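Structure assessment
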Amino acid sequence: MKSTNRDIIQWIEIDRGALVHNLRQFRSLIGQDRTLMAVVKANAYGHGLREVSEIVLSAGADWLGVNSVEEGINLREAGFDAPILVLGAALRGDLEKAFRHDLRLTVYNTETIDALGRLAAKLKKRVRVHLKVETGTYRQGLRAEDLVRFVRRIQKHPGLVLEGLSSHFANIEDTTSSAYPDLQLKAFLAAVDRLGRERIEIPVKHMSCTASSILFPSTHFDMARVGIGLYGLWPSKETLLSCRLQKREPIELRPVLSWRARIAQVKQVPKGSFIGYGGTFRTTRAARLAVIPVGYYDGYDRGLSNSAYVLVRGRRAALRGRVAMDFITADVTDIPGARLEDEVTLIGGNGREVITAEFLASLAGTISYEILARLNPQIPRIVI
Ligand SMILES: Cc1ncc(COP(=O)(O)O)c(C=O)c1O
């Protein structure tokens, strides 16, 4: 039994070796000549923004991808000087901050482009922008037919440097069919071609996420933006299946994150006791219960009520009753050694057992991305 972190009630362990290993897998997929962006938005998919950024940069990632200007500033304030691209939305009120912290921005509105251009003139600084083109996701992005007009608009502002052209796949993880990604890739290539005919060269073209980086080398372009795979998870079962159907040897991914806590109380309850809010579980025998100080506030999905289990002393302890804001309760009747402040594993391995984020996601009716990204940033992240 591990005896580290005795004084912490719950913590998240980040396995540096696993993260470096996963990064190398993607490096070998995309090659040395392409830029590898580590997508560290959403607190590095719950793993810890600064902790992950430090590891991936020292292991050879070239760029960092964040969602917001705030995340970018957080990294700059920690001293990271690698290129950072804001993948998400930036309000016009945030643009000056983005400038001052040398963040690259994804743009798709003329209003943003003009506001950036004016700021560049005022601050006598240049900013690099990435135009996002719509290829079928219908999230951010400008229509392909407007692309040249947008480029001309950017070119009117001497302080704006058009560095990138991007797009994002919509339906690649949910299917083994390549029909929709093919369509999107075709639309992206058509956009590149259209710019080429106008003699507009864009140095950093990028649309590849984890799934496309694994499955479709033709999507790699100049830079791959890899998120979930870095954290050691396949985007979906369909992605793994597609990989096998294509007769590709699947890369080996190692989960990076473990989530652990300590038992806050062990109690004996009589047969017939109602456990937790709503009395949704009634004991069918006299039971020993472990009260664990983790709840939905921490990111433990309430949909796991009465269905998941945790690991104590290498054995499964079933959740009894509802997940509350700050507590869950597990049955340790058959783990007689379980006692106060024993380590509990919520995600990760313990002895021969392992609980994956994918498994919890399947129980909670969601995807692993959400299970990870919603882990409360206040939980200490410990790099091991
Ligand atoms: C714009 C963009 N690029 C790249 C990624 C990384 O995707 P994945 O985690 O599947 O690699 C995301 C994730 O949602 C994204 O929104």
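Residues numbered from 1 in each chain as written. Predicted model: local features only at pLDDT ≥ 70, side-chain atom pairs only at ≥ 80, totals over all residues. Heavy atoms only, no water.

**Quick word on the environment of Gln10**
- Within the secondary structure, Gln10 sits in strand S1 (residues 10–14).
- Among the residues examined, Gln10 registers a relative accessible area of 8% and is labelled buried.
- Once the C-alpha coordinates of Gln10 and Lys237 are considered, the two residues, 227 residues apart in sequence, prove to be 30 Å apart.
- Leave out the neighbours within four places in its chain, and Gln10 touches Trp259, Arg260, Ala261, Pro293, Val294, Asp298, Ile379 and Pro380.
- Reaching out from Gln10, the side chain makes a polar contact with the side chain of Trp259 at a distance of 2.8 Å.
- A distance of 2.8 Å separates polar atoms of two side chains, one belonging to Gln10 and the other to Asp298. (Helix = DSSP H or I, 4+ residues; strand = E, 2+ residues; numbered from the N terminus. Buried < 20%, exposed > 50% of the residue type's maximum accessible area, 1.4 Å probe, protein only. Contact = heavy atoms within 4.5 Å. Polar contact = N/O pair within 3.5 Å; in protein donor to acceptor, adjacent residues only side chain to side chain.)

**A look at the domain arrangement of the protein**
- Here the protein is described as being made up of domain 1 (16–245) and domain 2 (257–383).
- Once you take the C-alpha centre of each, domain 1 and domain 2 turn out to be 36 Å apart.
- Contact with domain 1, which involves 14 residues of that partner, is made by 11 residues of domain 2.
- Summing both partners gives a buried area of about 1,100 Å² for domain 1 against domain 2, and 63% of it is carried by carbon and sulfur.
- One can count zero salt bridges joining domain 1 with domain 2.
- The interface formed by domain 1 and domain 2 holds one residue pair in polar contact (both at pLDDT 80 or more) in total.
- Elements with a minimum of two residues in the side of domain 1 that touches domain 2: helix H2 (41–45) and helix H3 (49–58). (Domains from an automatic or database assignment. Buried area = accessible area lost by both parts, 1.4 Å probe. Salt bridge = Lys/Arg side-chain N within 4 Å of Asp/Glu carboxyl O.)

**Quick notes on the packing of H3 against helix H4 (residues 69–77)**
- For the pair H3 and H4, interaxial distance at closest approach is 10 Å and the crossing angle is 65°. Relative to H4, H3 is oriented so that their crossing is right-handed. Of the residues in H4, those touching H3 at Leu49, Arg50 and Ser53 are Glu71, Asn74, Leu75 and Glu77.
- Its residues assigned to classes, the contact of H3 with H4 comprises two nonpolar, two polar and three charged. (Axes fitted to C-alpha atoms, helices over the stretch in contact; angles between N-to-C directions. Left-handed = near helix turned anticlockwise from the far one by under 90°. Nonpolar A, V, L, I, M, F, W, Y, C, P; charged D, E, K, R; others polar.)

**A short note on the sheet that holds strand S9 (residues 223–226)**
- Strands sit in the order S8-S7-S6-S5-S4-S3-S2-S9 across an open sheet of eight strands; the sheet is parallel. Edge strands, defined here as strands with exactly one partner in the open sheet, are strand S8 (204–206) and S9. On average, adjacent strands in this sheet sit at an angle of 30° to one another, irrespective of strand direction.
- Its contacts with the sheet put helix H7 (residues 147–155) on strand S5 (104–107), strand S6 (127–132) and strand S7 (160–166), and the angle it makes with S6 is roughly 170°.
- Set on the sheet, helix H8 (residues 179–197) makes contact with S7 and S8; between it and S7 the angle comes to about 145°. (Pairing = 2+ DSSP bridges.)

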